[in-house]
Amino acid sequence: MAEAVVHDVLGDGHGEHGADHHDMTYTRKAAMWVFLGSECMFFGALISTFLLYRSETRDGPTATEIFDIPFTSASSFILLMSSLTMVLAHHAFHRHDMRRARIWILATATLGGLFLAGQIFEFTEFVHEGLKLSTSPFGSSFYVLTGFHGAHVAIGVIMLLGMFVLSLSGKLNHHEGLNVELVGLYWHFVDIVWIVIFTVVYLLQV
Amino acid sequence: MAAVATSEASFVSTGPTGLWSWITTVDHKRIGLLYGMSAFFFFAVGGLEAMLVRFQLASADGTVLSADAYNQLFTMHGLTMVFLVVMPLAAAFTNYFLPIMLGARDVAFPRLNAFSYWVFFFGGIFLYSSFVLGGGADGGWFGYAPLSIEIVEVVRMDFWALGLQFLGVASIAASANFIATIFTMRAPGMTLMRMPVFVWMSLITAFLLIFSLPIIGVGLFQVFFDRNFGTLFYEAAAGGDPLLWQHLFWLFGHPEVYVLILPAMGIVSEILPTFSRKPLFGYAFVVFAGAAIAFQGFGVWSHHMFTSGMGPLAEAGFAVSTMLIAVPTGIKIFNWIGTTWGGVLRLKTPMLFALGFIAMFIIGGLSGVTHAIVPADTQQHDSYYVVAHFHYVLFGGAIFGFVAGVYYWFPKWTGRMLSELLGKWHFWSMLIGFNLAFGPMHILGLNGMPRRTYRYPEGLGWEFWNGMATLGTVLIAISFLVFTWNLIRSLRHGEPSGPDPWDGRTLEWSIPSPPPVHNFDEVPIVQHLDDFWHRKYAEDEEGRPVRLQPVAGGASTVITGPPDDSEVDEHRESIHMPSPSYYPVAASFGLVVASYGLVYQPVGFIAVAIGGVIAMWAFFGWATEPSQREPYYV
């Protein structure tokens, strides 16, 4: 009993005790959930700020004038599809099918990258149409909210690529460092936040 | 074999020595000590700032400080005491004792723990470096907009915005670590309702931090962007709303108040039962009252803003919620008094400070409730009455509690007792000095003396009490000199304490002082609340404690000692301890380099890039290095 606890505690995934694997993963997942709880408040505060300033447009463009809903719907769809590929990567990883896991990880990173490319394109368009960070409180809160979301996606892409590199040298495992389960939790969370942002910031404002 | 065993034993008991071993340490006990020593250093600095402020105010038309210097000093005093003293002191105690009290060998993520410390450490240096780079932060610790965004040529408030952000990252990482530790790494039998109250309060504090820090994080980013990238969040002329800052700040700031006090409440809840030789009265009530404080703590923030014109409905709502939060706090006070009631009190120094905590905290709590009454609060707002109130809860509360903790646990850290005589001198001088310094501020505040003004004219009748307050500050300073002398002297010459000098109740007293690197030779199996007490005592028919067996060598005979040669190998468990790592300190260094770059952009973007690369390299190195060294045996 005591020995099993020691293994759990220090995350010894190399011991003979099959159950330990599960338990250290549990500890790591607990921490990730706590972190995501914190992130909820982070995005909550950003979204609240946006709602406060949504009609403070001064002389700049308003939401109705500027948002291109079909385009953003398409990039939202891409991001949501990346959650599907993330699940497939997780599934393949659990069946120890590293080849497929690698493909799906790369697919997820690619879709995330596409979403980011769409965001950069969208930001560029908006700036051309006259909405800058310093145009109005609406502009400030829009760019800072969606920008911070984009930064989260970018960090996710970096972690996915890191996992891909690690998996090539066979260093990817359940117990240490990056793993599919934790990155998956983070990735899904970032996607869910986007659903809220897309609804509140885009759909409800036009 | 014997030689190997000896060298191993010395390694196990003390760990490797030298500066590098402390920089790369991932041992929760060492990290706790690092937090404690850093906090003590910053306490001295923050105390000196307070002394300068008090000398300036000692008489009418003070000439010690200019208005500008005064603004920097009162701002940095507040920031230091909140973020660089009380929070890291709580982290020090939590780091050191949370795993031990749970019967664990370390926290869930030892390297993340080291990362938290180094981020805090570099954050403190970052914040203070602004003194040589254009002056200390001068907009108050609360940094109200639009004041905080107005003067962008001077970088002071940039250092404030990024420095607090830094300290927030450290606390969020530490909190996630503590929560994961508490939920998944308790010793067998250590159910949640058998956890020491200190652990419970650490858990609740961690949740408060997790949910409140990101809110101010957003606010600080907004201020920083307003100052540097032309956003308009708090630019009233352009439709920005400075009141938003107050909401975001206090939505963090009020839970933060409980972050500061709950760990001290936890410490006092450990000390009172030990020195009353009684279990904590109403354990479950104390625990749930703590949780209730945390929940309600998120619903009272606007009582800091009663004069901002929120309208009668919001004011009434927040007045009621503020009065209600006094209820769980009152429950705790009754439970502490109930613990001492009918107990066999031993008035050792830790107990004196714990009792001082209760008395001072009651005064601070009562003046706090008066803030809930909106018309009264409108009069008290921004007056010295408020200064008196929060010093009674933060100094009279938190600092008294932490000092009690130092006297209580110093034997566990060092194996030596602090001097009782010096301890009593410390206690009485600090108690008298504290009341002399902050008691008169109630009167000054009600007489209309505003806070945050660097001087006052003659003839308002404020000179006498201001003089007394300054005298009190001097007495406090003397009391801490006594304390420092006690610490230094006892480190070398204190009486050896043995493992269990206070006849303690919780698991930390069951292991040697100072504890070995791996804490427990054998992971304990917990059967009771106050498990260690129940291993030492049974109860007779009338509920009085009866020693189970005469213990010659302190507690060590109760716990399984080192196995003799006959049972080598078969019954010993291998111990896996995490290996030291330089990646956490490297990652935090990268982040601080990037932060300096952000202050001095656009040129600084080079530093942002360099710092970012360092941090990225460290994070990936961290993710791929093996987390533990070779297993060993005891």
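Being a predicted model, the structure only gives us computed values, none of them experimental.

**As for the overall build of chain B**
Looking only at helices and strands, chain B has 19 helices and two strands in total. For a compact globule of 634 residues, the expected C-alpha radius of gyration is about 26 Å, and chain B comes in at 25 Å, within 12% of that figure. Along the longest, intermediate and shortest principal axes, the C-alpha atoms of chain B span 80 × 60 × 45 Å. The buried share of chain B, taken over its 634 residues, is 55%. Residue pairs at least 24 apart in sequence account for 82% of intrachain contacts in chain B once pairs closer than 6 positions are excluded.

**Concerning the overall build of chain A**
Assigned secondary structure in chain A consists of seven helices and zero strands. In chain A, which comprises 206 residues, the proportion classed as buried is 40%. Across chain A, every contact between residues at least 6 apart in sequence was considered, and the portion connecting residues at least 24 apart equals 75%.

**Digging into the packing of helix H5 (residues 110–129) of chain B against helix H7 (residues 156–184) of chain B**
Residue and element names in this part refer to chain B. It is at 8 Å that the axes of H5 and H7 come closest, and there the two elements cross at 165°. Taken together, the axes of H5 and H7 lie roughly antiparallel to each other. Helix-helix and strand crossings are classified by hand; for H5 and H7 the assignment is left-handed. In contact with Leu112, Asn113, Phe115, Ser116, Val119, Phe120, Phe122, Gly123, Phe126 and Leu127 of H5, H7 contributes Phe159, Leu162, Gly163, Phe166, Leu167, Val169, Ala170, Ala173, Ala174 and Asn177. Within the contact of H5 with H7, the residues separate by chemical class into 15 nonpolar, five polar and no charged.

**Quick word on the interface of chain A and chain B**
The partner chain B presents 44 residues to the 38 residues of chain A that form the contact. If you list the elements that add at least two residues to the side of chain A that touches chain B, you get helix H1 (2–10), helix H2 (18–53) and helix H6 (137–168) of chain A. Per-element accounting of the side of chain A that touches chain B gives the leading share, 15 residues, to H2(A). Here the residues of the side of chain A that touches chain B sort into 21 nonpolar, 10 polar and seven charged.

**Focus: unusual backbone geometry**
Residues and elements named next belong to chain B. Note that the residue after Ser513, namely Pro514, is joined by a cis bond; omega there is -15°. Residue placement: Pro514 occurs in the loop between helix H16 (463–493) and helix H17 (531–536). The amide bond that connects Gln601 to the next residue, Pro602, takes the cis arrangement and shows omega of 10°. Turning to its location among the elements, Pro602 is positioned in the loop between helix H18 (583–599) and helix H19 (605–624).

**Observations regarding the packing of helix H9 (residues 242–276) of chain B against helix H11 (residues 312–340) of chain B**
The packing of two helices is summarised by the inter-axis angle and the distance between the axes. All names here are of chain B. In contact at an axis separation of 9 Å, H9 and H11 are set at 20° when each is read in the N-to-C sense. Between H9 and H11, the crossing angle belongs to the class labelled roughly parallel. Two packed elements cross with a definite hand, and for H9 against H11 that hand is left-handed. Together, Met265, Val268, Leu272, Pro273 and Ser276 of H9 and Lys332, Trp336, Thr339 and Thr340 of H11 make up the contact between the two elements.

**Looking at the nonpolar core**
One recurring pattern in soluble globular proteins is that nonpolar side chains are buried together. Ranked by internal contacts, the top residues of the largest apolar core, which has 240 residues, are B:Val86, B:Leu102, B:Leu248, B:Val268, B:Phe357 and B:Ala404. Setting aside its immediate chain neighbours within four residues, B:Ala404 contacts B:Ile267, B:Val268, B:Ile271, B:Pro350, B:Phe353, B:Ala354 and B:Phe357.

**Notes on the confidence of the model for chain B**
All names here are of chain B. On average, residues of chain B score 91 in pLDDT, and 92% of them reach the 70 mark or higher. Below a pLDDT of 50 lies the segment residues 1–12, which in the model reaches six contacts outside its immediate sequence neighbourhood of four places, other chains included. Contacts for the low-pLDDT stretch residues 552–570, under 50 throughout, to residues beyond four places or in other chains number 23 contacts. Here the complex is predicted with pTM 0.92, and the ipTM for its interfaces comes to 0.91.

**Some details on helix H5 (residues 98–128) of chain A**
All names here are of chain A. Under the 1.5 Å per step criterion, the end-to-end length of H5 is 45 Å for 31 residues, consistent within 8% with the ideal 45 Å. All buried positions along H5 are accounted for by Ala101, Trp104, Ile105, Thr108, Ala109, Leu111, Gly112, Phe115 and Phe126. Those residues of H5 hidden inside the fold are in contact with helix H3 (63–66), helix H4 (69–94), H6 and helix H7 (180–202). Phi for Gly130, located one or two positions after H5, is positive at around 105°.

**A look at the environment of B:Phe115**
Residue and element names in this part refer to chain B. Inspection of the secondary structure assignment puts Phe115 in helix H5. A tally of 29 C-beta atoms within 10 Å means that Phe115 is categorised as buried. In this structure the C-alpha to C-alpha distance between Phe115 and Val169, which are 54 residues apart in sequence, comes to 9.9 Å.

**Focus: helix H15 (residues 420–446) of chain B**
All names here are of chain B. Relative to the 39 Å expected for 27 residues at 1.5 Å per residue, H15 spans 39 Å between its end C-alpha atoms, a close match to the ideal helical length. Of all the bends in H15, the greatest reaches close to 25° and is centred on Leu436; the proline Pro440 follows between one and four positions later. One or two residues past the end of H15 sits Gly448, with phi positive at roughly 100°.

**What to know about the environment of B:His442**
Residue and element names in this part refer to chain B. With respect to the helices and strands, the residue His442 is situated in helix H15. Given 21 C-beta atoms within 10 Å, His442 falls into the buried group. Separated by 14 residues in sequence, His442 and Trp428 place their C-alpha atoms 21 Å apart. In this view, His442 contacts Ser367, Tyr385 and Ala388; residues no more than four positions away in its chain are not counted.

**Digging into the confidence of the model for chain A**
Averaged over every residue, the pLDDT of chain A is 87; the share at 70 or more is 86%. Long-range and interchain partners of residues 1–22 of chain A, a stretch whose pLDDT sits below 50, account for 44 contacts in this model, where long-range means more than four residues apart.

**A word on the environment of B:His247**
Residue and element names in this part refer to chain B. As for its position among the elements, His247 is in helix H9. By C-beta crowding, His247 is classed as buried, having 22 other C-beta atoms within 10 Å. For the pair His247 and Gly217, spaced 30 residues apart in sequence, the C-alpha separation works out to 13 Å.

Rules used throughout
- Residues numbered from 1 in each chain as written.
- Chains lettered and ligands numbered in written order.
- Predicted model: local features only at pLDDT ≥ 70, side-chain atom pairs only at ≥ 80, totals over all residues.
- Helix = DSSP H or I, 4+ residues; strand = E, 2+ residues; numbered from the N terminus.
- Rg over C-alpha atoms; globule rule 2.2 N^0.38 Å.
- Buried ≥ 20, exposed ≤ 12 C-beta atoms within 10 Å, placed from the backbone.
- Contact = placed C-beta atoms within 7 Å.
- Axes fitted to C-alpha atoms, helices over the stretch in contact; angles between N-to-C directions.
- Parallel < 35°, antiparallel > 145°, perpendicular 65-115°, else oblique.
- Left-handed = near helix turned anticlockwise from the far one by under 90°.
- Nonpolar A, V, L, I, M, F, W, Y, C, P; charged D, E, K, R; others polar.
- Core = buried A, V, L, I, M, F, W, Y, C linked by C-beta atoms within 7 Å.
- pLDDT = per-residue confidence, 0-100.
- Expected span 1.5 Å × (residues − 1).
- Bend = angle between axes of the 7 residues up to and from the residue.

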